[in-house]
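Single-letter residue listing:
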Amino acid sequence: MSFYEIVQQYQDFPFEDFFAGISAEEVHQVVAKDTLQPLDFLTLLSPEAANHLELIAEKANRLTVQYFGRTIQLFAPLYISNYCSNQCIYCGFNTSNSIKRRKLNLEEIDLEARAIAETGIQHLLMLTGEAKAVTPMEYLLEAVACLKKHFASVSIEIFPMDTDEYRQMQQAGVDGLTLFQETYNEELYKQVHLRGKKRDYRYRLDGPERGAKAGMRMVNIGALLGLGEKRSEFFFTGLHADYLDRRYIDTEISISLPRFNPADCEFQPDYPVDDRTFVQFLLALRLFQPRFGVTVSTRENARMRDNLIQLGATRFSAGVCTSVGGYSMEEDRDPPQFEITDDRSVVQVAEAISAHGYQTIYKDWDRGI
Ligand code: SF4
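Residues numbered from 1 in each chain as written. Predicted model: local features only at pLDDT ≥ 70, side-chain atom pairs only at ≥ 80, totals over all residues. Heavy atoms only, no water.

1. Here we look at the packing of aromatic side chains
And step 1. Taken as a whole and assessed by the stated rule, the structure comprises 22 aromatic pairs.
And step 2. Ring geometry for Phe 13 and Phe 15: centres 4.9 Å apart, planes at 65°, overall edge-to-face.
And step 3. On the basis of relative accessibility, which here comes to 22%, the residue Phe 13 falls in the partly exposed class.
And step 4. With a relative accessible area of 13%, Phe 15 lands in the buried category.
And step 5. Over the face of the ring belonging to Tyr 139 we find Lys 103, whose NZ or CZ atom lies 4.4 Å from the ring centre.
And step 6. Just above the ring of Phe 316 sits the side chain of Arg 305; from NZ or CZ to the centre is 4.5 Å. (Phe/Tyr/Trp six-rings, centres within 6.5 Å; stacked < 30°, edge-to-face > 60°. Buried < 20%, exposed > 50% of the residue type's maximum accessible area, 1.4 Å probe, protein only. Lys NZ or Arg CZ within 6 Å of the ring centre and 35° of its normal.)

2. Focus: helix H8 (residues 163-172)
And step 1. Considered for burial, the residues of H8 that qualify are Thr 163, Glu 165, Tyr 166 and Met 169. Down the axis of H8, the buried set is contained in an arc of 160°. They therefore lie on one face. Summarising the geometry of H8, the exposed residues directed more than 90 degrees from the buried face are Asp 164 and Gln 171.
And step 2. In this structure, the buried residues of H8 make contact with helix H7 (137-148), strand E3 (153-157), strand E4 (174-182) and helix H11 (207-213).
And step 3. The first or second residue beyond H8 is Gly 173, which carries a positive phi of 120°. (Helix = DSSP H or I, 4+ residues; strand = E, 2+ residues; numbered from the N terminus. Arc of directions from axis to C-beta. Contact = heavy atoms within 4.5 Å.)

Taken by themselves, the reported measurements are silent on function.
Structure (structure tokens):
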């Protein structure tokens, strides 16, 4: 069964009625279980479970330490192009926005890479807008070849690709793929993606699986929190990760929790996620799938990220700039894709991690010689 079919199975699921029927006792019973099924996970995402966060947090902390130790891994994103042919109504890079567009050449990519590598970062996430004609495969492969010289790990967050294309990227040295579904609600998906290849819900939904099939070592997924009904969106995110994890045992599956942040557009989220709910989602995920990595970006502020260190987060971005050329060309910064609320340097983030009794991990693998 494909993941699309699994999503469809829940099409008429009465989420509201399910949540209304959850009691405190059921939440306690789920927390006491060793292995959680999808509806147990949903129970932990319920409004009732929000009244028992301390209980859930205690177990989430224990499981995170058991599976990951007291560690937080750091990475940095590098935007090499902000050209985009899609019209996502929530994003400042969308094709109808008349912002300054830029695509870095190899020399500029090298400069950016050096500036990031000097901070100690060894895991890099290379990003583009989604404009295949402007950033074709040859360009991306050259960029990866350049980045490999500076970093132990290079991941990509670019337009979704066919399996063969992902394989080419993987063979060129890319070891991780991030691809956000944004929303698992197919109808809403069409309403917020007005133009471009991204309108194809199914092609995007199957993208992480194509990446895993192509041999990516890490696949990271997520829904843009705030866009769709939050509890069901996060439920599908967890199911999607679970689906991938069961089928691709050689691939490390992780989840990001990108929460809507004002970009250079008018869009305001219909389902804002407050801090407490954000924490509840993270904790519920940890009990559902203790092995999943959890990435928290600089969309979250420093206080929030510091609090998440002991609550199940395993990976932070640090020293981040979301403008094209922003690391090495400070005087000529383009508009960022979204506003950063934790603008601490890599050193400052590492200090905060140490202050919580955790170890900063800069590198957890090597592609070998
Ligand atoms: S979210 Fe991605 S695909 Fe959509 S407009 Fe922004 S950069 Fe383009």
